[in-house]
Amino acid sequence: MINFNAITKKSNFYISTPINDYILSLINIDIVNINHISDNKYNLLIKINEKDDINKLEDIESLIQSIVLENNKTWFVNNMSDQDIINKYTPCFNSQNNILSIIIHLDYNPKLDGFKDINDLMDNCYNNNNLKNISIKLIGIYIKNNNFYIRWLLRSLEKIDYINENLNEVFEDKYNILENMINKRLEILNNEKEKLSEIYKSKNFERLSESFYLILDKT
């Protein structure tokens, strides 16, 4: 379930943002097209290939419509029927062809793993000799020009080349990297836990206060 804030008015639209960041990871996607919109902003179209990911996106599209229906009278004063409201929804995910629209905004520093920069991505993104995974963030519900829709922002795009490579080896490598990252994180947290235990035993409130935000930053 995704919970949303009350809508706020911008210059020419309204927006309701998620209360908590909502991140979605999609695997084995194909890039269909990239269009330069303005300055550091691009529109990325991807094809979703995994059934689980398709189901997630369809559920989110349905959820967004339900949220707008539930909040319409609170957000706006009108007498529109439920069907009138649904008719004004513009899907971000096309369930007919499984195409999803995503915003790439370079000011938000998306991670392009396997590509040098946005130009390299645009030149080489259509190569099918690799596996592409993606992580996206839900920006919010937009209400503009009597329509409503959602927008996704690219957080990371990962390319895994598998020409002349064993996919099992690639999988093992990725697993080992992630496992090592987690183990290092656990080691840091265990050290902090031991320090905290010592502070507790000493009943040193001053040390506890000094450590409070330092520990929060590491958890």
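If you're wondering where the values come from, they're calculated on a predicted model, not measured in any experiment. (Residues numbered from 1 in each chain as written. Predicted model: local features only at pLDDT ≥ 70, side-chain atom pairs only at ≥ 80, totals over all residues. Heavy atoms only, no water.)

### What about a nonpolar patch on the surface?
So, step 1. There is a patch of nonpolar side chains on the surface, built from Ile 177, Leu 178 and Met 181 and spanning about 310 Å² of accessible area.
So, step 2. Within the secondary structure, Leu 178 sits in helix H4 (residues 167-202). (Patch = residues over 30% accessible without salt bridge, like charges linked within 9 Å, V, L, I, M, F, W, Y side chains within 5 Å. Areas by Shrake-Rupley, 256 points an atom, 1.4 Å probe, with all protein chains shown as cover. Salt bridge = Lys/Arg side-chain N within 4 Å of Asp/Glu carboxyl O. Helix = DSSP H or I, 4+ residues; strand = E, 2+ residues; numbered from the N terminus.)

### Details of the layout of surface pockets
Any empty space left between the atoms is revealed when a probe the size of a water molecule rolls over them.
So, step 1. Roughly 270 Å³ of volume is contained in the second largest pocket.
So, step 2. Surrounding the second largest pocket, Lys 41, Ile 103, His 105, Tyr 108, Lys 137, Leu 138, Ile 139, Tyr 142, Arg 151 and Leu 153 form its lining.
So, step 3. Only strand E7 (99-105), strand E9 (130-144) and strand E10 (147-161) provide two or more residues apiece to the lining of the second largest pocket.
So, step 4. Looking at the lining of the second largest pocket, its residues break down into 6 nonpolar, 1 polar and 3 charged. (1 Å grid on protein atoms, 1.4 Å probe; cavity = no way out; pocket = protein on both sides within 12 Å on 5 of 7 lines; lining within 4 Å. Points joined across faces, edges and corners; volume = space filled by probe spheres on them. Nonpolar A, V, L, I, M, F, W, Y, C, P; charged D, E, K, R; others polar.)

### Remarks on helix H1 (residues 51-75)
So, step 1. With 25 residues, H1 extends 35 Å between its outermost C-alpha atoms, agreeing within 8% with the 36 Å of an ideal straight helix rising 1.5 Å per residue.
So, step 2. At Leu 69, H1 shows its largest bend, some 35 degrees. (Expected span 1.5 Å × (residues − 1). Bend = angle between axes of the 7 residues up to and from the residue.)

### A closer look at the side chain of Ser 16
So, step 1. As for its position among the elements, Ser 16 is in strand E2 (residues 14-16).
So, step 2. Classification of Ser 16 by relative accessible area gives buried; the value is 0%.
So, step 3. Among the polar contacts listed, one links the side chain of Ser 16 to the backbone oxygen of Asn 5, at a separation of 2.5 Å.
So, step 4. Discounting chain neighbours no more than four positions away, the residues touching Ser 16 are Phe 4, Asn 5, Ala 6, Ile 7, Trp 75, Gly 140 and Ile 141. (Buried < 20%, exposed > 50% of the residue type's maximum accessible area, 1.4 Å probe, protein only. Polar contact = N/O pair within 3.5 Å; in protein donor to acceptor, adjacent residues only side chain to side chain. Contact = heavy atoms within 4.5 Å.)

### A closer look at the pairing of E7
So, step 1. Taking burial as the measure, the 7 residues of E7 include 7 buried ones, the bulk of the element.
So, step 2. Of the two faces of E7, the one carrying Ile 99, Ser 101, Ile 103 and His 105 and the one carrying Leu 100, Ile 102 and Ile 104 are both buried.
So, step 3. Two strands pair when backbone bridges link them, and strand E6 (residues 93-94) and E7 are joined in this way by 2 bridges, in the antiparallel orientation. Looking across to E7, one finds that Phe 93 is bridged to Leu 100. (Pairing = 2+ DSSP bridges.)

### Section: the pattern of salt bridges
So, step 1. Under the criterion given, the structure shown has 2 salt bridges.
So, step 2. Ionic pairing is found between Asp 21 and Lys 137, a salt bridge with its closest N-O pair at 3.6 Å. With Asp 21 in the loop between E2 and strand E3 (23-26) and Lys 137 in strand E9, this pair connects stretches of sequence that are 116 residues apart.
So, step 3. Salt-bridge contacts for Lys 56 lead to Asp 53; the nearest nitrogen and oxygen are separated by 4.0 Å. Of this pair, Lys 56 and Asp 53 both sit in helix H1, 3 residues apart, roughly one helical turn.

### Quick word on the packing of aromatic side chains
So, step 1. Taken as a whole and assessed by the stated rule, the structure comprises 4 aromatic pairs.
So, step 2. Between Phe 13 and Tyr 142 the ring centres are 5.3 Å apart and the planes differ by 35 degrees, which places this aromatic pair in the tilted class. Of the two residues, Phe 13 sits in the loop between strand E1 (8-9) and E2 while Tyr 142 sits in strand E9, which places them 129 residues apart along the sequence. Residue Phe 13 shares its accessibility class with Tyr 142, and that shared class is buried.
So, step 3. With a centroid separation of 4.8 Å and an interplanar angle of 45 degrees, the aromatic rings of Tyr 89 and Phe 148 are classed as tilted. You can see Tyr 89 sitting in the loop between helix H2 (82-87) and E6 and its partner Phe 148 sitting in strand E10, a full 59 residues away along the chain. We note that Tyr 89, like Phe 148, is buried.
So, step 4. Among the aromatic residues, ring-to-ring pairing joins Phe 13, Tyr 142 and Tyr 149 into one connected group.
So, step 5. Over the face of the ring belonging to Tyr 14 we find Lys 9, whose NZ or CZ atom lies 5.7 Å from the ring centre. (Phe/Tyr/Trp six-rings, centres within 6.5 Å; stacked < 30°, edge-to-face > 60°. Lys NZ or Arg CZ within 6 Å of the ring centre and 35° of its normal.)

### Examining the state of the cysteines
So, step 1. Summed over the entire model, instances satisfying the criterion amount to 0 disulfides.
So, step 2. Free cysteine: Cys 92, not disulfide-bonded; nearest cysteine sulfur from Cys 125 at 18 Å.
So, step 3. Assessed through its relative accessible area of 1%, Cys 125 is described here as buried. (Disulfide = S-S within 2.5 Å.)

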